[in-house]
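Below, each chain spelled out in residue letters.
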Amino acid sequence: MGDSKNSKGKGPYNSWGPDETQVLVELLVDAVRRKWHDNNGNFSNLTIEEKILPVLNERLGCQKNHTQYLSRWNYLRSLYQKNLDLQRFNSGFRWDPNMKWFTALDEVWDEYLKLFFNYICLSI
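Residues numbered from 1 in each chain as written. Predicted model: local features only at pLDDT ≥ 70, side-chain atom pairs only at ≥ 80, totals over all residues. Heavy atoms only, no water.

Draft legend 1. Seen up close, the environment of W73. Inspection of the secondary structure assignment puts W73 in helix α3 (residues 66-89). By relative accessible area, W73 is classed as partly exposed at 26%. Sequence spacing of W73 and V25 is 48 residues, and the spatial spacing of their C-alpha atoms is 9.3 Å. (Helix = DSSP H or I, 4+ residues; strand = E, 2+ residues; numbered from the N terminus. Buried < 20%, exposed > 50% of the residue type's maximum accessible area, 1.4 Å probe, protein only.)

Structural data, given as structure tokens:
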């Protein structure tokens, strides 16, 4: 109980803070600009391990590894997908740049949530 290992025994849990996430996104955007990705827009393991993670770790004084990167990448991708879904639904949703979230009338949210829960129920 006193050790720093997580429940799956995979080593110490190392969460991503907002600063680490911001630097990772900046590095990934820079990598896209430098065209370090393949034709599908993916980065190779070598690119992540030799060009991105060393800079992230040096700038922030952390020791993020490829597995931790993949975890954060998957999380960011899911957030991006949710954002796209709201924009595609687009019948009444608006982005509020001051509040930094989507706004809509209650009826729009009700319809969206109905569709969302129907999708979840069909997926089970």
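Draft legend 2. The nonpolar core, seen in detail. Grouped together as the largest cluster of nonpolar side chains are 14 residues, with contacts concentrated most on L24, L28, F43, I48, I52, L56 and Y69. Counting residues per element, the ones that place at least two in this core are α1 (18-33), α2 (45-60) and α3. It is α1 that contributes the most residues to this core, 5 residues altogether. Residues contacting I48, with those up to four places away along its chain left out, are L28, F43, L53, P54, H66 and Y69. With 5 residues, the next largest nonpolar core counts L86, F102, V108 and Y112 among its residues. (Core = buried A, V, L, I, M, F, W, Y, C linked by side-chain atoms within 4.5 Å. Contact = heavy atoms within 4.5 Å.)

Draft legend 3. Here's a closer look at α2. Taking 1.5 Å as the rise per residue, α2 with 16 residues should run 22 Å; its terminal C-alpha atoms sit 21 Å apart, in good agreement. Taking the largest bend as the criterion, α2 deviates by roughly 35°, centred on I52, and proline P54 comes between one and four positions later. If you check which residues of α2 are buried, you get T47, I48, I52, L53, L56 and N57. Positioned one or two residues after α2, G61 has a phi angle of 65°, which is positive. (Expected span 1.5 Å × (residues − 1). Bend = angle between axes of the 7 residues up to and from the residue.)

None of the figures reported here should be taken as evidence of function without further support.
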